[in-house]
Amino acid sequence: MPQRYKTILLFGAPGAGKGTQGKILGYVPGFYHLSCGEVFRTLDSTSDLGRIFVEYSSKGLLVPDEHTVKMWHKNMEARTILSEYKPNVDLLVLDGIPRNANQAKLLDKHINVLLVIHLVCPDKESMIARLRKRALKENRADDAKEDVIRKRWDVYERETFPVLEHYSPKIIREVDATGSPACVLLNVLKHAVPVQDDHFGQRGG
Ligand code: ADP
């Protein structure tokens, strides 16, 4: 079996700030960030997969697992071949995948999950307000409509939340998602840095 990518999962509801935190972490040497939703959004919308993505995401639904995992894996291999992502140097930070229990099972072949950072948002309505604001700023069709936002939340609660059960509670850390991005970052780093250090850090140097 090829080496599994050493990975941190950023986990949380839509609007919790996975993308924001992932993007910042990705700028830190030794971390490599990949957002599944972002990869989907960069697909050519006239390609077969691009069309499938638009069909599902515009309704707030998940793209079927088979397409998702295949696309994700091909993307990871391409980034590795290009040496953009270096599995021996970088801790992979994934956001937006796995999104249900079946994806978590399928991904076990490819990733060694060392840490799950669960961005917890006790107040659903404030997260939904964040999504509305982002939709205006980033021109995101999936979050522009109230019913689509609420559908995305339903899907999260029903399909995505149970993903946590797939991983040992020993590697799951909760971080309050409601603070400022800098405050959330501080807490994310508190958990992520020791893991990066343990597995990739240069000691005694
Ligand atoms: P969020 O705002 O929750 O971070 P994303 O940008 O991750 O949303 O995802 C946008 C859309 O892309 C999802 O609603 C879904 O249709 C599709 N998508 C992203 N990741 C996955 C995945 N792992 N499995 C299935 N569909 C996905």
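Look up: the structure comes first, before these words.
K.L.:
Is there a simple way to explain the site of the ligand in this structure?
P.N.:
Around the ligand, a shell composed of 20 residues is seen, among which R41, L61, G96, R134 and R152 lie nearest. Interatomic distance of 2.8 Å between a side-chain N/O atom of R41 and an oxygen atom of the ligand. When the ligand sits alone it has 560 Å² of accessible area, and the protein chains cover 97% of it. When residues of the shell around the ligand are traced back to their parent elements, those giving at least two are α2 (36-41) and α3 (48-57). The element contributing the most residues to the shell around the ligand is α2, with four residues. Tallied by class, residues from the shell around the ligand come to eight nonpolar, five polar and seven charged.

K.L.:
I keep staring at the side chain of T68 and nothing clicks. Help me out?
P.N.:
Assignment of secondary structure puts T68 in helix α4 (residues 65-81). Within the local environment of T68, its side chain forms a polar contact with the backbone oxygen of P64, the two atoms lying 3.0 Å apart.

K.L.:
Sorry, what's going on with helix α8 (residues 181-200) here?
P.N.:
Given 3.6 residues to a turn, an α-helix orients residues that are three or four positions apart in the same direction. Taken as a whole, α8 carries its principal kink of about 30 degrees at L189. Buried residues of α8: V184, L185, V188, H191, A192, V195, Q196 and F200, and no others. Along its buried surface, α8 packs onto β1 (5-12), α1 (18-26), β2 (31-35), β3 (91-95), β4 (111-120) and β5 (172-176).

K.L.:
Explanation requested: the pairing of β4 in the structure shown.
P.N.:
Every regular strand shows the same layout, with side chains that alternate between the two sheet faces. Judged by how many residues are buried, β4 sits mostly within the fold: eight of 10 residues are covered. Note: β1 against β4, eight bridges, orientation parallel. Paired with L9 across the two strands is V116, which belongs to β4. Alignment of β4 against β5, held across five bridges, turns out to be parallel. Bridge pairing links V116 to I172 in β5.

K.L.:
Honestly, the packing of aromatic side chains in this entry has me stumped. Any pointers?
P.N.:
Note on aromatic pairs: each is described by the distance of the centres and the angle between the planes. The tally for this structure, following the rule as stated, stands at seven aromatic pairs. Geometrically, the ring pair formed by Y5 and W72 is edge-to-face, given 6.4 Å between the ring centres and 75 degrees between the ring planes. Of this pair, Y5 sits in strand β1 while W72 sits in helix α4; the two residues are 67 residues apart in sequence, bridging distant segments of the chain. Across this residue pair, the class does not change: Y5 and W72 are buried. Between Y5 and Y85, the aromatic rings sit 5.3 Å apart at their centres with planes inclined by 80 degrees, giving edge-to-face as the arrangement. With Y5 in strand β1 and Y85 in the loop between α4 and β3, this residue pair connects regions lying 80 residues apart in the sequence.

Rules of the game
- Residues numbered from 1 in each chain as written.
- Predicted model: local features only at pLDDT ≥ 70, side-chain atom pairs only at ≥ 80, totals over all residues.
- Heavy atoms only, no water.
- Near = heavy atom within 4 Å.
- Polar contact = N/O pair within 3.5 Å; in protein donor to acceptor, adjacent residues only side chain to side chain.
- Areas by Shrake-Rupley, 256 points an atom, 1.4 Å probe, with all protein chains shown as cover.
- Helix = DSSP H or I, 4+ residues; strand = E, 2+ residues; numbered from the N terminus.
- Nonpolar A, V, L, I, M, F, W, Y, C, P; charged D, E, K, R; others polar.
- Bend = angle between axes of the 7 residues up to and from the residue.
- Buried < 20%, exposed > 50% of the residue type's maximum accessible area, 1.4 Å probe, protein only.
- Contact = heavy atoms within 4.5 Å.
- Pairing = 2+ DSSP bridges.
- Phe/Tyr/Trp six-rings, centres within 6.5 Å; stacked < 30°, edge-to-face > 60°.

Function cannot be inferred from these measures alone, as they are strictly geometric.
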